[in-house]
Amino acid sequence: SASAGAACGGTEGNAAEGNDIVSVRNPYSALSPALEAAGTGAAGTPAARGGLYTNLASVYIMQGDLKQAAQCVLQALNIHSKNRHALLCLVYIELRNGNNKAALDILKAQRLPAPLD
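So, how was this worked out
Residues numbered from 1 in each chain as written. Predicted model: local features only at pLDDT ≥ 70, side-chain atom pairs only at ≥ 80, totals over all residues. Heavy atoms only, no water. Helix = DSSP H or I, 4+ residues; strand = E, 2+ residues; numbered from the N terminus. Buried < 20%, exposed > 50% of the residue type's maximum accessible area, 1.4 Å probe, protein only. Contact = heavy atoms within 4.5 Å. Areas by Shrake-Rupley, 256 points an atom, 1.4 Å probe, with all protein chains shown as cover. Expected span 1.5 Å × (residues − 1). Polar contact = N/O pair within 3.5 Å; in protein donor to acceptor, adjacent residues only side chain to side chain.

(A) Representation of the overall build of the chain within the structure. Secondary structure summary: the chain contains 7 helices and 0 strands in total. Along the chain direction, N to C, the helices and strands of the chain fall in the order α-α-α-α-α-α-α. For the chain, the proportion of its 117 residues judged to be buried stands at 32%. Here the analysis covers contacts within the chain between residues at least 6 apart in sequence; of these, 49% occur between residues at least 24 apart. Per element, the accessible surface of the chain, about 7,100 Å² overall, is 58% carbon and sulfur.

Here is the structure:
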């Protein structure tokens, strides 16, 4: 859907700009159509699409764009609500935003055990 790409950092360039300029402004813009087109094969499974959005959220976190990261995490959770990595990203985002209670509530609701690694 168009909202999935826009919610997770996809940008729509106008005809005068061209795709090359849009890609320079947002190097991840090409991922949104790829995510939308991932309807067949292993990449088309909900778990795989959720994983792609979670990975994109991690990139936004590393860039310091917590708003875009949160949108990607929510998209991942809409696709696959039990995605452990997406849930942990959401906890991290809540902690970074100073929402300690919200982060704790997410952990309690999911009862995520501590990772073994």
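(B) Focus on the environment of Asp105. By the secondary structure assignment, Asp105 is in helix H7 (residues 100–110). Since its relative accessible area comes to 35%, Asp105 is described here as partly exposed. Between the C-alpha atoms of Asp105 and Val91, which are 14 residues apart in sequence, the distance is 9.1 Å.

(C) Representation of helix H5 (residues 66–79) in the model. The terminal C-alpha atoms of H5 lie 20 Å apart, and with 14 residues this matches the ideal 20 Å at 1.5 Å per residue to within 8%. Burial in H5 covers these residues: Leu66, Gln68, Ala69, Ala70, Cys72, Val73, Gln75, Ala76 and Leu77.

(D) Examining the side chain of Asn83 more closely. As for its position among the elements, Asn83 is in the loop between H5 and helix H6 (84–96). Its relative accessible area of 8% is what places Asn83 among the buried residues. Of note is the side chain of Asn83, whose polar atom sits 3.1 Å from the backbone nitrogen of His85.

Without other data, these values stay purely geometric and don't point to any function.
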